[in-house]
Every structure is written in C-alpha cells, then in structure tokens.
Amino acid sequence: FLPWAAFLHVLVAAWTFGNQSLFPSRWSVLFPLGEAIFQIDEARYDEVTEMYRSGAVTGVTWDLIASRLLDFSREGTWLLMLIFLACSVYYAVYYSWLLFLRPFLKPIILLVAECMARTCPSCCCARSSMKHHDERSYEEATKFMERRGLTTSYHLFKNEAYKEATKALEHTEQKVRASSTCEKSPTDSSASPTMLPYAPSLKVGGS
C-alpha cells in the first residue's frame with residue numbers, strides 16, 4: 001500500500017498546488033508535454049476555466065479534470081507532474097504484466113533464460129536462472145525445507161494445513177471399517193426365529 005499512498009499523495013499535492021486560485025504560477029517548459037498527454041490545448045483550457053468561473057457549467061466533467069491536470073505542467077508543479085507520470089507509467093506496465101501479459105510471456109522468458117544459461121553461463125540471465133539449481137542431496141534438502149517450515153511430502157497427513165482434514169478422514173475410515181465388520185458378522189439367534197418362518201409363508205402364498 002505504500003507505493004499507492006505515495007502515488008495518491010503526489011496526485012493530491014499536484015492537484016492542490018496547481019490550483020491557480022490558491023497558488024498562481026506561469027506555464028513551464030513542460031506545457032507542450034502536458035497538452036499532448038492530457039489532450040487539451042491552451043484555448044480549450046481558457047474556455048473551460050471561464051465557463052466554470054462564470055457558473056455556466058457546474059459539477060465535475062472530463063473537461064474540468066483535463067484542465068486541472070494540465071495545471072500540473074505549471075512552474076509550481078512540474079516536478080510533481082513528472083513524478084505523477086512516472087508512477088502512472090509504472091502502474092500501467094505493472095498491472096498490464098500482472099493481469100494480461102504474464103500468463104503468455106512467462107514461459108517465453110523462462111525459455112530465453114534457459115537458452116542464455118546454456119549458451120552463455122557467465123551472463124546475468126544465466127546466473128539468475130541457475131541460482132535455483134541446488135547441489136544438496138535429497139535428505140539435506142528435506143531437512144532444509146523442514147527447518148523453513150515447508151512441506152516435504154505429497155502425503156496429506158504431513159501437511160500442517162490439512163491436519164484437521166486428515167483426522168476427519170481417519171475417523172470416517174474407522175467408522176466405515178467398523179460398519180463393514182458388523183455387516184460381515186453372523187446374524188443373532190434372536191433374529192433367526194422371525195426370519196425362518198417368513199420365507200415359507202412366501203412360498204405358501206405363491207402356491
């Protein structure tokens with residue numbers, strides 16, 4: 001949350017210091033850059049400002065937002081505008097990679113890194129890809145993972161997160177085995193007198 005807090009802080013600061021009613025200043029050398037990025041020229045800026053000043057237009061519109069963003073390119077806020085643009089580009093690239101590009105490009109990046117590791121072992125890509133290779137034995141790697149609290153087996157009962165589920169499954173298995181044992185045991189002597197006369201009665205009724 002700290003990067004987002006810094007980004008919002010820069011945005012609020014630039015919005016405040018760009019207010020010409022509070023902190024008037026001239027246009028800086030970055031004014032053409034602001035016109036190109038925020039898609040508003042000086043003539044349209046003056047028109048929108050005059051409409052809001054005279055009360056002809058009220059409320060928040062896209063023209064108002066664009067004109068206020070253009071105020072970022074003034075001498076009092078040009079540095080904040082550069083920080084704002086840098087943060088905007090960073091977050092645009094980061095979330096584009098995280099949400100859209102990563103599932104498609106990650107295998108390609110891994111393939112390129114592996115090829116670099118084979119062709120040029122001394123380069124930085126090779127070192128970054130080879131750092132995951134470990135020369136420990138299986139027993140040493142298992143102990144190392146256990147010290148770090150990592151799961152070392154695919155068995156359910158060895159995973160701390162599924163300990164309660166393992167107990168529930170064991171209890172269910174015991175009940176199933178107990179019920180299977182009861183079904184395989186011979187019938188009681190008290191049940192035989194009632195069951196034996198019942199079968200002949202069916203035969204008599206059928207005849």
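Scoring rules and cut-offs
- Residues numbered from 1 in each chain as written.
- Predicted model: local features only at pLDDT ≥ 70, side-chain atom pairs only at ≥ 80, totals over all residues.
- Heavy atoms only, no water.
- Helix = DSSP H or I, 4+ residues; strand = E, 2+ residues; numbered from the N terminus.
- Buried < 20%, exposed > 50% of the residue type's maximum accessible area, 1.4 Å probe, protein only.
- Contact = heavy atoms within 4.5 Å.
- Salt bridge = Lys/Arg side-chain N within 4 Å of Asp/Glu carboxyl O.
- Core = buried A, V, L, I, M, F, W, Y, C linked by side-chain atoms within 4.5 Å.
- Axes fitted to C-alpha atoms, helices over the stretch in contact; angles between N-to-C directions.
- Parallel < 35°, antiparallel > 145°, perpendicular 65-115°, else oblique.
- Left-handed = near helix turned anticlockwise from the far one by under 90°.
- Nonpolar A, V, L, I, M, F, W, Y, C, P; charged D, E, K, R; others polar.
- Expected span 1.5 Å × (residues − 1).
- Phe/Tyr/Trp six-rings, centres within 6.5 Å; stacked < 30°, edge-to-face > 60°.

### Remarks on the side chain of T166
With respect to the helices and strands, the residue T166 is situated in helix α8 (residues 163-184). Taking the relative accessible area as the measure of exposure, T166 reaches 11% and is therefore buried. For T166, the contacting residues outside a window of four places in its chain are L156 and F157.

### Observations concerning the pattern of salt bridges
According to the stated counting rule, one finds seven salt bridges in the structure shown. Measuring nitrogen to oxygen at the nearest pair gives 3.7 Å for the salt bridge that ties E75 to R26. Separated by 49 residues along the polypeptide, E75 in the loop between α4 (62-70) and α5 (78-119) and R26 in the loop between α1 (2-17) and α2 (31-38) bring together distant segments of the chain. Of the residues examined, R26 reaches a relative accessible area of 60% and is grouped as exposed. Note that R68 is salt-bridged to D71, the shortest N-O span being 3.3 Å. Pair check on accessibility: R68 and D71 agree, each one buried. Each of R44, E47 and D63 takes part in salt bridges that share partners, so that together they form one network.

### Some words on the nonpolar core
One finds F7, F38, I40, L70, F72, M81 and F84 to be the most contacted residues of the largest nonpolar core, which totals 17 residues. Residue assignment for this core shows that the elements contributing at least two residues are α1, α2, α4 and α5. The dominant element in this core, judged by the number of residues it contributes, is α5, at five residues. What F72 contacts, discounting residues up to four positions off in sequence, is L11, A14, W15, T77, W78, M81 and F84.

### Describing the packing of α2 against α4
Closest axis-to-axis distance for the α2/α4 pair is 9 Å, and the angle between their directions is 155°. In this view, α2 runs roughly antiparallel relative to α4, as classed from their interaxial angle. Seen along the crossing, α2 lies across α4 with a hand that is right-handed. Across from F31, G34, E35 and F38 in α2, the residues of α4 making contact are A66, L69 and L70. Of the residues in the contact of α2 with α4, the class split is five nonpolar, one polar and one charged.

### Things to note about unusual backbone geometry
The phi dihedral of Q39 falls on the positive side, at around 55°, and the residue is not glycine. The topology assignment puts Q39 in the loop between α2 and α3 (42-54). The exposure class assigned to Q39 is exposed, which follows from its relative accessible area of 67%.

### Digging into α3
End to end, α3 covers 18 Å across 13 residues, agreeing with the expected 18 Å (1.5 Å per residue, within 8%). Residue G55 follows α3 closely and has a positive phi angle near 85°.

### Points about the packing of aromatic side chains
What the rule picks out here adds up to 14 aromatic pairs. Ring centres of W4 and Y91 lie 4.4 Å apart, and the angle between their planes is 20°; this geometry places the pair in the stacked category. Linking W4 in helix α1 with Y91 in helix α5, this pair joins segments that are 87 residues apart in sequence. Overall, W4 belongs to the partly exposed group, its relative accessible area being 37%. A residue is classified by how much of its surface remains accessible, and Y91, at 10% relative accessible area, is buried. With a centroid separation of 5.2 Å and an interplanar angle of 70°, the aromatic rings of Y90 and Y91 are classed as edge-to-face.

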